[in-house]
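# Close look at the chain arrangement
The chain contents come next:
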Amino acid sequence: MQVPFFTFRDFPAGLQPRVEEALVQEFRKNQLILGPSVTRFEQEFGRYLGGGDVIGVGNGYDALVLSLRALGIGPGDEVVVPANGYIATINAVQQVGAQPVFAEPDHRTYNITAATVLPVLTDRTKVVLPIHLYGQSCGMEDLLTLCQTRQLALVEDFAQAQGARYKGQCVGTFGKINATSFYPTKNLGAAGDGGAVVTQDKTLAEWVRQYHNYGQSKRYEYAQAGVNSRLDSLQAAVLSEKLFSLDELNAERKRLAALYHQHLTGVGDVVLPKVASEDTGHIYHLYVIRTARRDDLQRFLQEKGIQTLVHYPVPPHLQPAYQGLGYRAGDFPLTEELAATSLSLPLFPGMTEAEQAYVLEQLQAFFN
Ligand SMILES: *Cc1c(COP(=O)(O)O)cnc(C)c1O
């Protein structure tokens, strides 16, 4: 049997034809950039999240850059990011001329916490930028308290966690201004690139709304020099359809994760994903296990037709591109261990019972 790491299936039944129909309809409307469908999706997503202005932008990376620019972050400022995060987040900090400063994650959740951020704060720190990694919400209360006490802005990267909740409140609504991505494989994925900035602050929202469209304040009137980073109408139409089913899609991911958990408990030296508490929701963008025999396991599964991925094999501080930051091997022991032992298993809405049973069977065969 062949099991892909990720693929699109018609789940929940009927979603795929609805998405395709929405694309055709949108194409006929003749307004492919900005326009009513983008506004509609922005409003729907804002309502889904439970409040705030949503500005659709070109991708998740741009959403991060625009969020930091809106806050006036630039040269001389430090932004704390997870040492084990995705490269886009770090790159965005550098793009605005600020200095990314890495914090180790918590060893159970792989997310940064107030306790892991505190030691790396300096008097140049301006922003704490947590990622809700793999789909699990960070401990927002502690991070918010820390930011309030130290007068820092909290900016959430919720690219992997659309629909994850902390104490019942959607992530992406805690920070001063927050960024997400609609890259096709994300939990809320478009049919191409897309992203959004979310904020409850009207002034910041207005700034981003102008800046992302060349700084236009009225038609052909430019209040400031901006950039071009817009969500297009075709993507917005797809996203509106999918948003409708987002909770169902996430529930299906949780169901698959629970089955993995049940059947992998006690197998070999496998460390399973842990949810910090009842407060921190996890919507399993990725199901990441750890084992000392990671490379052998990945090869074994590959031979059996099962595709797995490593998120991420080389930590940012050891990447050639980031040598200038002055970090060395050994600076982030947990991050380095995660890079050496993590393996993401296939998990996607519409994965069949037979597919998951086969993955479990092969995992058990490997460890026996
Ligand atoms: C996917 C992702 C991004 C970047 O999104 P793009 O739309 O690909 O630019 C940023 N941060 C995290 C955590 C991501 O997973």
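Let us look at the structure shown here. (Residues numbered from 1 in each chain as written. Predicted model: local features only at pLDDT ≥ 70, side-chain atom pairs only at ≥ 80, totals over all residues. Heavy atoms only, no water.)

Reading across the sheet, the 4 strands line up as β3-β2-β4-β5 and stay open at both edges, with parallel pairing between neighbours. The open sheet terminates on both sides in strands that have one partner only, identified here as β3 (99-103) and β5 (153-154). (Pairing = 2+ DSSP bridges. Helix = DSSP H or I, 4+ residues; strand = E, 2+ residues; numbered from the N terminus.)

Turning next to the site of the ligand. In the vicinity of the ligand, 14 residues are found, and the nearest of them are Gly60, Asp157, Gln160, Ser181 and Lys186. Tyr61 is positioned with one of its backbone polar atoms (N or O) 2.9 Å from an oxygen atom of the ligand. Here an oxygen atom of the ligand sits 2.7 Å away from a polar atom, N or O, in the side chain of Lys186. Considering the ligand on its own, with 380 Å² of exposed area, one finds that the protein chains cover 92% of that surface. Applying the majority rule of atoms within 2 Å of the grid points places the ligand in the largest pocket. Counting only elements with at least two residues in the shell around the ligand, the list comes to α3 (60-70) and α4 (87-95). Class assignment for the residues of the shell around the ligand results in 6 nonpolar, 6 polar and 2 charged. (Near = heavy atom within 4 Å. Polar contact = N/O pair within 3.5 Å; in protein donor to acceptor, adjacent residues only side chain to side chain. Areas by Shrake-Rupley, 256 points an atom, 1.4 Å probe, with all protein chains shown as cover. 1 Å grid on protein atoms, 1.4 Å probe; cavity = no way out; pocket = protein on both sides within 12 Å on 5 of 7 lines; lining within 4 Å. Sits in = over half its atoms within 2 Å of the grid points. Nonpolar A, V, L, I, M, F, W, Y, C, P; charged D, E, K, R; others polar.)

Turning our eyes to something else, we now look at the packing of helix α2 (residues 36-49) against helix α8 (residues 233-244). As a packed pair, α2 and α8 sit with axes 8 Å apart at the nearest point and diverge in direction by 35°. With respect to the hand of their crossing, α2 and α8 are arranged in left-handed fashion. Residues Ser37, Val38, Arg40, Phe41, Glu44, Phe45 and Tyr48 of α2 lie in contact with α8, whose contacting residues are Ser233, Ala236, Leu239, Ser240 and Leu243. Its residues placed into classes, the contact of α2 with α8 shows 7 nonpolar, 3 polar and 2 charged. (Axes fitted to C-alpha atoms, helices over the stretch in contact; angles between N-to-C directions. Left-handed = near helix turned anticlockwise from the far one by under 90°. Contact = heavy atoms within 4.5 Å.)

What follows covers the nonpolar core. In terms of nonpolar packing, the biggest core is built from 34 residues, with Val79, Phe102, Val127 and Leu129 touching the most fellow members. Contributions of two or more residues to this core are made by β1 (53-57), α3, β2 (78-82), α4, β3 and α7 (202-211). Ranked by residues supplied to this core, first place goes to α3 with 6 residues. Of the domains in this structure, domain 1 (15-244) and domain 2 (246-367) are the two that each give at least three residues to this core. Leave out the neighbours within four places in its chain, and Leu129 touches Leu64, Leu68, Val79, Val80, Val81, Pro82, Thr89, Val93, Ile112, Val155, Glu156 and Asp157. Core analysis: the next-biggest nonpolar cluster, separate from the first, contains 27 residues, Leu256, Tyr260, Leu347 and Met351 among them. (Core = buried A, V, L, I, M, F, W, Y, C linked by side-chain atoms within 4.5 Å. Buried < 20%, exposed > 50% of the residue type's maximum accessible area, 1.4 Å probe, protein only. Domains from an automatic or database assignment.)

A word on α2. Helix length check: α2, at 14 residues, gives a terminal C-alpha distance of 20 Å against a target of 20 Å (1.5 Å per residue), a fit within 8%. Of all the residues in α2, the buried ones are Ser37, Val38, Phe41, Glu42, Phe45, Gly46, Tyr48 and Leu49. Following α2 by one or two positions, Gly50 adopts a phi angle in the positive range, close to 100°. (Expected span 1.5 Å × (residues − 1).)

This part is about the environment of Phe45. Of note, Phe45 is situated in helix α2. Expressed as a C-alpha distance, the spacing of Phe45 and Gly135, which sit 90 residues apart in the sequence, is 18 Å. Look past the residues within four positions of Phe45 in its chain and what remains in contact with it is Val54, Phe158, Gln162, Thr180, Phe182, Leu188 and Leu243.

So, to be careful, I would describe these as geometric facts and stop short of saying anything about function.
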